[in-house]
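# Residue-level structure breakdown
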Amino acid sequence: MSEIIRRSTHWLSLVGFVGLFLLAIMSTLDALMRSFFSAPIHGVNDVSAVVMAVVIASCIPANLSGRKNITVEVLGAAFGLRADRVLRLFASIVVLVFVSLMAWEFVPYTKVIFESGRQTWVLAWPIWPWWSVATVFLAFAALVQAVNVAQDIRLLLSPLRVVDETTAIEPTATEEPF
């Protein structure tokens, strides 16, 4: 299951980067049209405002899947491998709680946007579908982080291999921890 989720996150982030690339092209064309022909492309800010939330939310699951979070591993290194695993699990749980709360809070926000009928200024696009997609992507990010927590629990419970009396090492990639 974790491999399917990992691949899904890569495809999802690719969708986000394509959206970001298209926004960059639109913004560049708009700037060129404004500068050289005094003819801006109307609605570029509208598109940017709604697409950006989706672009950002689409990249969060891949970031979590690849464990690209900023980490400080000083304590784990100082207190040994078992302490490092405990601290890693603690950090994973904190990230899970944060991402889950963020996804949870997006739900009522999206509902309010839907009920109010908010639209973009120039193009009059409804905003709620874009925020709905961003909310689903954040919920998926919470699922990805839940898988990370499960992997960290499994790693914490796996035995350490002892090389000598003072050194413990992780199981190799081909070894099963149990």
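Every value quoted in this text rests on a predicted model; they were computed, and no experiment measured them. (Residues numbered from 1 in each chain as written. Predicted model: local features only at pLDDT ≥ 70, side-chain atom pairs only at ≥ 80, totals over all residues. Heavy atoms only, no water.)

### With respect to helix α2 (residues 44-65)
- The end-to-end C-alpha distance of α2 is 32 Å, a good match for the 32 Å that 22 residues give at a rise of 1.5 Å each.
- Of all the bends found along α2, the most pronounced is centred on V51 and spans about 30 degrees. (Helix = DSSP H or I, 4+ residues; strand = E, 2+ residues; numbered from the N terminus. Expected span 1.5 Å × (residues − 1). Bend = angle between axes of the 7 residues up to and from the residue.)

### Regarding helix α4 (residues 81-116)
- Taking 1.5 Å as the rise per residue, α4 with 36 residues should run 52 Å; its terminal C-alpha atoms sit 52 Å apart, in good agreement.
- Within α4, burial applies to D84, R85, L89, S92, V99, A103, F106, T110 and I113.
- Downstream of α4 by one or two residues, G117 has phi in the positive range, about 70 degrees. (Buried < 20%, exposed > 50% of the residue type's maximum accessible area, 1.4 Å probe, protein only.)

### Remarks on unusual backbone geometry
- Although it is not a glycine, S38 sits at a positive phi angle of roughly 50 degrees.
- Tracing the backbone through its elements, the reader meets S38 in the loop between α1 (2-37) and α2.
- You will see that R67, though not glycine, has its phi angle at about 50 degrees, which is positive.
- Of note, R67 is situated in the loop between α2 and α3 (74-79).

### Thoughts on the pattern of salt bridges
- Across all of its chains, the model carries six salt bridges by this definition.
- For E3, the salt bridge is made with R7, and the minimal N-O distance between the two is 3.2 Å. Placement of the pair is E3 and R7 together in helix α1, with a separation of four residues, close to one helical turn.
- Using a relative accessible area of 35% as the deciding quantity, one classes E3 as partly exposed.
- Two residues, D84 and R88, come together in a salt bridge whose shortest N-O distance is 3.5 Å. Of this pair, D84 and R88 are both found in helix α4, four residues apart, which corresponds to roughly one turn of the helix.
- If you follow the salt bridges from partner to partner, you end up with E3, R6 and R7 in one network. (Salt bridge = Lys/Arg side-chain N within 4 Å of Asp/Glu carboxyl O.)

### Overview of a nonpolar patch on the surface
- A surface patch of nonpolar side chains, amounting to about 1,200 Å² of accessible area, comprises W11, L14, V18, F21, L22, I25, L29, L32, M33, F36, F37 and I41.
- Following the sequence through the fold, L29 ends up in helix α1. (Patch = residues over 30% accessible without salt bridge, like charges linked within 9 Å, V, L, I, M, F, W, Y side chains within 5 Å. Areas by Shrake-Rupley, 256 points an atom, 1.4 Å probe, with all protein chains shown as cover.)

### A closer look at the confidence of the model for the protein
- On average, the protein scores 89 in pLDDT, and the residues at 70 or more come to 89%.
- At the level of individual helices and strands, the protein shows its lowest average pLDDT in strand β2 (residues 168-169), which scores 56, and its highest in helix α5 (residues 128-157), which scores 97. (pLDDT = per-residue confidence, 0-100.)

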